[in-house]
Amino acid sequence: MASSSNSSLYLHSLPKASSGLGQWRSGLRFQMLGGSVPSHRLSISPVVFLQRSPRLPAIRAAYNSEGGSRRRAYKESQAASGFPNAKAQQLASTVLPLGSFAVATFVLWKVVEKFMSPKSPKTGEKSKSSTEGVKWSIGAGTNLLQGFSAKVDRENKQRLNEFAKQLRSFRSVDMSGCNFGDEGLFFLAESLGYNQTVEEVSFSANGITAAGVKAFDGVLQSNIVLKVLNLSGNPIGDEGAKTLCATLMENSSIEILQLNSTDLGDEGAKEIAELLKRNSTLRVIELNNNMIDYSGFTSLAGSLPENNTIRNLHLNGNYGGALGANALAKGLEGNKSLRELHLHGNSIGDEGIRALMAGLSSHKGKLALLDLGNNSITAKGAFYVSEYIKRSKSLLWLNLYMNDIGNEGAEKVADALKQNRSVATIDMGGNNIQAEGVSAIAQALKDNAIITTLELGYNPIGPDGAKALSEILKFHGSVKTLKLGWCQIAAKGAEYVADMLRYNNTISVLDLRANGLKDEGASCLARSLKVVNEALTSVDLGFNEIRDDGAFAIAQALKANEDVTVTSINLGNNFITKFGQGALTDARDHVLEMTEKEVEIFF
């Protein structure tokens, strides 16, 4: 205790008591040490408590017997009055030192606390911000905020130096998820100035805010090589978008700008719209999963007639609604450059779709991709979409995923596909289409050699729907990718699909996940795998309650087909034990040994 508190205890001997006092009084004194001891060092010097024996003092008889008797009587009376009780005297002699020591300890604690407590800052003193002021330098990594070097430890500096080296050495650099924040971006930004190497860089998910975006000022203006800048997943907000757009006004190289999930709102969309009016190099703008509402959609739509270079506009996961779609429709009428329009998850609805399809019909460009997934479209909205499909000669990819067009809407789209000769990929998954609706789609495929990818997953088509589709695809169509996951086709439906595979020579990727196939359905498909099929390369049978018997059947099929073309089989999330897995592993090894072909099997 003495060594840690810098206090030392000293025991001082008292001088001998003068005659006439019966006992020494208790006491405690504090003594500040001088000399070489620091002034803030406190020392406690407890005084030793001395007491006389509780016994009465011996009385020496005087030469005069009478005087001696009087003196003896006086001393006895004094002794009797001064020490009435020997036990009480002992108690007092014990309690008094303890009480004094407690008081001394309390005083010592208060004094030490006063010396050890940190001093509070002066009320008038202002704290300096670590982001106050910027030191600009030509050298990479020297464009730092004041005080930054004190915040970043050696390890982080080494990482940032390595990142800066990558920016100067590689054409494509991915720094997503490194969490270097605003200060790290200031460190790295200088490596982009006059950089003649890097063409694509991702700073996504690094905790960059609007303050960090200022690091690009004076840097991107001088870069003529960088083509792709990804800042997705950084909360730059509208203020950051404003700063970035002001910088990009003078940039002539960036073609793809990705600002997904960056907390942009209508004001940020307005700044980007102004950028599109003046910038002639941007080809792709990604603004997915932000908070852009009708007002922001209106601003962006207003920039489309004045921009002749934008190719792809991504607005998935915003809040455009029917009014936003209507505003876009007007902007599209005067635009000639747009090729892709992504509007997934904007709650557009049937009325919004009606306005949008009218605008696209008047669009003078050649739109190739249209994403309308998850927009509350019903059979009524499907009618407007189908009318646009009939007239379009440029549309290649159409997404209607997760709407509610039902059988009626499916029939309208199918009728349009009979006339269309451009759409190659169509996604109608999750639209409550049943056997009746899929039968209409199957008939459209009979005379359509353009569609190569068909997504019908998450529709309750059942075994009957699988039968209608399989009968057409057995000898017709050009479908290469067929997705029927979560379609409730069961083992009976798998039998129809397996029979179709015996004759079909176009399907390369088959997705039958979560259809309740069980061992029976797996065995049906295994029999078709024994037949030579030069097209099929990937089969997904996950989530189908397949057990060891089904696994054994598939393993035997792989061994029996010496000309197997399947390179990937997914059996994950089933009930296959180590015995079934062992059989499949042996089959894989057998195929490799006999044909030198590798088959990936996922359990």
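All values derive from a computational prediction rather than experimental measurement. (Residues numbered from 1 in each chain as written. Predicted model: local features only at pLDDT ≥ 70, side-chain atom pairs only at ≥ 80, totals over all residues. Heavy atoms only, no water.)

With that settled, consider the packing of aromatic side chains. For the structure on display, the rule yields 8 aromatic pairs. Centre to centre, the rings of Tyr401 and Tyr458 are 6.4 Å apart; their planes meet at 80°, and the pair counts as edge-to-face. Of this pair, Tyr401 sits in the loop between β11 (397-399) and α14 (406-419) while Tyr458 is found in the loop between β13 (453-455) and α16 (462-473), placing the two residues 57 residues apart along the sequence. By relative accessible area, Tyr401 is classed as partly exposed at 22%. An aromatic cluster is built from Phe163, Phe180, Phe203 and Phe216, whose rings are joined through pairwise contacts. (Phe/Tyr/Trp six-rings, centres within 6.5 Å; stacked < 30°, edge-to-face > 60°. Helix = DSSP H or I, 4+ residues; strand = E, 2+ residues; numbered from the N terminus. Buried < 20%, exposed > 50% of the residue type's maximum accessible area, 1.4 Å probe, protein only.)

The next subject is unusual backbone geometry. You will see that Ala205, though not glycine, has its phi angle at about 55°, which is positive. Along the polypeptide, Ala205 turns up in the loop between β4 (200-202) and α7 (210-213). For Ala205, a relative accessible area of 35% corresponds to the partly exposed category. In this structure, Ser261 takes a positive phi of about 50° despite not being glycine. Relative to the assigned elements, Ser261 resides in the loop between β6 (256-258) and α9 (266-278).

Before going further, it helps to examine the side chain of His363. Relative to the helices and strands, His363 resides in the loop between α12 (349-362) and β10 (369-371). With a relative accessible area of 9%, His363 lands in the buried category. Excluding residues that lie within four positions of it along the chain, His363 makes contacts with Leu332, Asn335, Lys336 and Leu338. (Contact = heavy atoms within 4.5 Å.)

On to the environment of Leu395, then. Its place among the elements puts Leu395 in the loop between α13 (379-391) and β11. Exposure remark for Leu395: the relative accessible area of 0% places this residue in the buried category. For the pair Leu395 and Arg421, spaced 26 residues apart in sequence, the C-alpha to C-alpha distance is 9.1 Å. Non-local contacts of Leu395, meaning those with residues more than four positions away in its chain, are made with Leu367, Ala368, Leu369, Leu370, Tyr388, Ser422 and Val423.

By the element assignment, Asn279 lies in the loop between α9 and β7 (284-286). Judged by its relative accessible area of 5%, Asn279 falls in the buried class. In sequence terms Asn279 and Ser252 are 27 residues apart; their C-alpha atoms lie 7.9 Å from each other. Ignoring sequence-local partners within four residues, the contact set of Asn279 consists of Leu248, Asn251, Asn307 and Thr309. At a separation of 2.8 Å, a polar atom in the side chain of Asn279 contacts the main-chain amide nitrogen of Thr281. (Polar contact = N/O pair within 3.5 Å; in protein donor to acceptor, adjacent residues only side chain to side chain.)

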